[in-house]
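One letter stands for each residue in the lines below.
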Amino acid sequence: MWARAMYKYHQVTLVVEPKKKQLAEAQASLDITMQVLQRAQSTLAAAETQIATLEANFKEANDKKEQLVFDVEQCRARLDRAVKLMGGLGGERTRWSKTCEDLTISYDCLVGDALVSAGSISYLGVFTPDFRQSIVKSWQIRLEELKLPHTFHCGLRSTLSEPVAIRQWTICGLPQDSHSVENGIIMSKGRRYPLLIDPQGQANRYIKNMGKDTAICANDIDVIKLSDKNFLRTLENGVRFGRWVLLENIGESLDAALEPLLLQQKFKQGGTEMIKIGDSTIPWNDAFKFFMTTKLSNPHYAPEVCVKVSLINFAITFTGLEDQLLGVVVVEEMPEMEEKKNSLVVSNARMRKELQELEDQILFMLSNSTGNILDDHKLIETLATSKIKSQEITQKVQEAEVTEKQIDESRNMYRPVAYRGSILYFCIADLASVDPMYQYSLQWFRNLFVQAIRLATAAENITTRIENLNGFFTYYVYTNICRSLFERHKLLFSFLLTVRILQGYDEIDALEWMFLISGKCLSSQSLANPAPDWIDNRMWSEICALSTLPAFTGLADSVAARSSAWRVIYDCLEPHAAKLPEKWSEKLNSFQCLCVLRTLRADKVPDGVLNYVIQKLGTQFVEPPPFDLMACYKDSNVLSPLIFVLSKGSDPTKSFNEFAMKMKMDRKTRMLSLGQGQGPKAIKMIEEATQKGNWVLLQNCHLFISWL
């Protein structure tokens, strides 16, 4: 066993020993190789570290390069955008700088300006233009005394006016005179609902036109009267759906059901604003607006009514009527030019509105821009686009304004006709103080004006045409007005017509006119009566008062020195035709001679007035035309009935029947005497006449005024 073991050991040793040697050799070789490997790995690690460092340096350098390239591109882009921005806003610099200066001044003067504007809106709406100006001037003086900062000549229009809005109002029919524009501002800025004193109906038309414009009133307008059965229902619907409501023809008192609405007594219910009207609770719509108008020229409203509404005097002014009549005459004489003028007005208003919107958009984007403004691509592009559009619009506006100016120059050639028309209207408007029956609507006057333009003698020369228009229209108004006057008032009207026309051309002194109608002057002399035997106290006091006027200086001394010569005038049968003593006949004009005639022979003033009218206007203005039913018929239309105002004992029925036979309408004429219960018959008769073209004569209308 042992031998076998040793043998086996020997055999194994013979195999293993060489392998051990080989292993040792291999191990030694491996150690050497590993050392080499370690050295190589160390070298590789150093190389990789160096490569990583180089790559990091390269990446850093490359990133820096890319950043520099990006910065260069960004700088170039910013520079380009800066150029665009400067180009876009550069044109606004001067205007905006001036605006900033003005705003700074306005801000400093805000207290005084706001005080005057608030006072004007609260208290001045009901007054006439002259009285408004006097009150504002007194406020300005008081501001200076209190040393409150305010703008020089501050007022409602200078503080609160918006040109774009005003142009929109004028398109809707608001007259362009300062008084009407102030009324528009009060309507738009006042918190209380406006109650408009509107005897001529122009405010009524203006509100209706605004209500039809969807850009101003999105939900249309309803027109109601207090006499309507369902006026409260219409009002409730207006509040609920945000419609405008116009309440027409109110008197000097308001329905008690309107009080919650006028006081705007809103309350919250379930998170919704509500208001109670009558017995109904209505959800409030902020788009709702309420307007009230009255045709009374001088209404008296109780204080408790005045504090609930904003009273505004919309009675037409001289300048406003002149502009309206100018438009009428140009429409008739140069319709193409007036149409072009109106289109330019609308176009200018639209373009100015667009300019305002562009400016607002630019300022909004600038104020809301975040970060670097030069990186806002959308803002820069919008500014560039807006600037181009703004320049185009500005150029068009300038061209339109030049064209409009040329049109205005052409239109103004007819301004003397409009000026005469305005004079005549205010002359006949004053007749209401003579007799309340003498009231004439502006619409009737405008129709008369149009008819006169069409009937006046044509002429190619504009100067001649204007003379024809003025002369014909003046006499046309005289004949039409005389039809409605009592006989005793016709000469008075002729005289008023003459005086108003001459006052319009500054040919009559206001103090002399005041003396003629009142016998008084602002001052008087105190001299002894030189001839009490024929000069009574009234005569002498008027002579002394008249002597204080510049044209009559020395009159009292002349009467005292040459009383016998002046007595000849006093004793004359026709003192209105006699020459005055000394230099007075040559020194005084015919109107001033009337003043002297008043002092000496007041009983002969009517004769003097008659001669004065003949001298200034002609004989035809003191010879009222006889009543002519045919002429009345021609001046009327299907919407304007003829009304016969009769004195006791007169009856036009026979004349009417003869006229109907002449017009071959006798078989188509229907007559009815009004009285209790005749209303339905009259309505049926009128409805039948409108369909068949009949004539209807209603008699005894005074017995059924309530139905009329």
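Located above this text is the structure these notes cover.
Residues numbered from 1 in each chain as written. Predicted model: local features only at pLDDT ≥ 70, side-chain atom pairs only at ≥ 80, totals over all residues. Heavy atoms only, no water.

Focus: the side chain of Lys308
Here comes step 1: Inspection of the secondary structure assignment puts Lys308 in the loop between helix 11 (303-306) and strand 8 (310-313).
Here comes step 2: With relative accessibility at 16%, the residue Lys308 sits in the buried group. (Helix = DSSP H or I, 4+ residues; strand = E, 2+ residues; numbered from the N terminus. Buried < 20%, exposed > 50% of the residue type's maximum accessible area, 1.4 Å probe, protein only.)

Comments concerning the packing of aromatic side chains
Here comes step 1: By the definition in use, this model includes 29 aromatic pairs.
Here comes step 2: Seen in terms of ring centroids, Phe127 and Phe131 are 4.9 Å apart; in terms of plane orientation they differ by 75°. Their pairing is edge-to-face.
Here comes step 3: What makes Phe131 partly exposed here is its relative accessible area of 42%.
Here comes step 4: On the numbers, 5.3 Å between centres and 50° between planes, the contact of Tyr478 with Phe621 is tilted. Here Tyr478, found in helix 17 (residues 462-482), pairs with Phe621, found in the loop between helix 25 (605-616) and helix 26 (629-635); they are 143 residues apart in sequence, far enough to count as distant. (Phe/Tyr/Trp six-rings, centres within 6.5 Å; stacked < 30°, edge-to-face > 60°.)

Let's talk about helix 19 (residues 510-518)
An α-helix turns once per 3.6 residues; consequently, residues spaced three or four apart project the same way.
Here comes step 1: Residues of helix 19 that are buried include every one of Glu512, Trp513, Phe515 and Leu516, and no others. Here the buried residues of helix 19 occupy an arc of 160° about the axis, which is enough to place them on one side. Residues of helix 19 that are exposed and point over 90 degrees away from its buried face: Ala510 and Ile517.
Here comes step 2: Its buried side turned inward, helix 19 meets helix 18 (487-504), helix 20 (537-546) and helix 24 (590-600). (Arc of directions from axis to C-beta. Contact = heavy atoms within 4.5 Å.)

What to know about the side chain of Ser117
Here comes step 1: Tracing the sequence through the fold places Ser117 in helix 3 (residues 110-124).
Here comes step 2: If we ignore the near neighbours within four places in the chain, the residues touching Ser117 are Gly155, Leu156, Thr159 and Leu160.

Some thoughts on unusual backbone geometry
Here comes step 1: The residue His153 is not glycine, and still its phi comes out positive at about 60°.
Here comes step 2: With respect to the helices and strands, the residue His153 is situated in the loop between helix 4 (129-146) and helix 5 (156-160).
Here comes step 3: Phi at Asp220 is positive, roughly 75°, even though this residue is not glycine.
Here comes step 4: Looking at where Asp220 falls in the secondary structure, it is placed in the loop between helix 8 (202-212) and strand 2 (221-225).

A look at the sheet that holds strand 1 (residues 194-197)
Here comes step 1: Here we have five strands laid out as an open sheet, ordered 2-3-7-1-8, and parallel in their pairing. The open sheet has two edge strands, strand 2 and strand 8, and neither has a second partner. Geometrically, the sheet is characterised by an average inter-axis angle of 20° between neighbouring strands, direction not taken into account.
Here comes step 2: Where strand 1 lies against strand 8, four bridges are found, and the strand directions are parallel. Each residue of the ladder has a partner; that of Ile197, found in strand 8, is Asn313.
Here comes step 3: Helix 9 (residues 231-241) contacts strand 2, strand 3 (244-248) and strand 7 (289-294) of the sheet and is inclined by roughly 155° relative to strand 2. (Pairing = 2+ DSSP bridges. Axes fitted to C-alpha atoms, helices over the stretch in contact; angles between N-to-C directions.)

Comments concerning the pattern of salt bridges
Here comes step 1: Under the defined criterion, the tally for this structure stands at 22 salt bridges.
Here comes step 2: Via salt bridges that share partners, Lys208, Lys225 and Glu248 belong to a single interconnected network. (Salt bridge = Lys/Arg side-chain N within 4 Å of Asp/Glu carboxyl O.)

Here's the deal with the environment of Phe495
Here comes step 1: Along the chain, Phe495 falls in helix 18.
Here comes step 2: The spacing of Phe495 and Ile614 is 119 residues in sequence and 9.7 Å in space, taken between C-alpha atoms.
Here comes step 3: Not counting residues within four places of it along the chain, the set of residues in contact with Phe495 comprises Trp513, Leu516, Phe591, Leu594, Val609, Tyr612 and Val613.

A look at the packing of helix 12 (residues 318-333) against helix 15 (residues 415-429)
Here comes step 1: Two elements in contact, helix 12 and helix 15, have axes separated by 8 Å at closest approach and are oriented at 130°. Taken together, the axes of helix 12 and helix 15 lie oblique to each other. Taken as a pair, helix 12 and helix 15 cross one another with a handedness that is right-handed. Contacts between helix 12 and helix 15 involve Phe318, Leu321, Glu322, Asp323, Leu325, Leu326 and Val329 from the first element and Arg415, Val417, Ala418, Tyr419, Gly421, Ser422, Ile423, Tyr425 and Phe426 from the second.
Here comes step 2: Split by residue class, the contact of helix 12 with helix 15 holds 11 nonpolar, two polar and three charged. (Parallel < 35°, antiparallel > 145°, perpendicular 65-115°, else oblique. Left-handed = near helix turned anticlockwise from the far one by under 90°. Nonpolar A, V, L, I, M, F, W, Y, C, P; charged D, E, K, R; others polar.)

Considering the pairing of strand 1
Here comes step 1: Judged by which residues are buried, strand 1 turns out to be covered on both faces: Pro194 and Leu196 on one side and Leu195 and Ile197 on the other are all buried.
Here comes step 2: Across three bridges, strand 1 lies against strand 7 in parallel orientation. The residue bridging Leu195 from the neighbouring strand is Met292, located in strand 7.

Quick notes on the pairing of strand 6 (residues 280-283)
Here comes step 1: Pairing of strand 5 (residues 272-277) with strand 6, which is carried by four bridges, proceeds in the antiparallel orientation. Bridge pairing in strand 6 links Ile275 to Ile282.
Here comes step 2: Here strand 5 folds back onto strand 6 in antiparallel fashion, the turn holding two residues, of which Gly278 has a positive phi close to 65°.

Description of the packing of helix 17 against helix 18
Here comes step 1: Running from N to C, helix 17 and helix 18 point in directions that differ by 155°, and their axes come no closer than 11 Å. In terms of their interaxial angle, helix 17 and helix 18 are classed as roughly antiparallel. Judged by the twist between their axes, the crossing of helix 17 over helix 18 is right-handed. Judged by residue contacts, Thr474, Tyr478, Ile481 and Cys482 of helix 17 engage Lys490, Phe493, Ser494, Leu497 and Ile501 from helix 18.
Here comes step 2: When its residues are assigned to classes, the contact of helix 17 with helix 18 shows six nonpolar, two polar and one charged.

The values are spatial; any link to function lies outside them.
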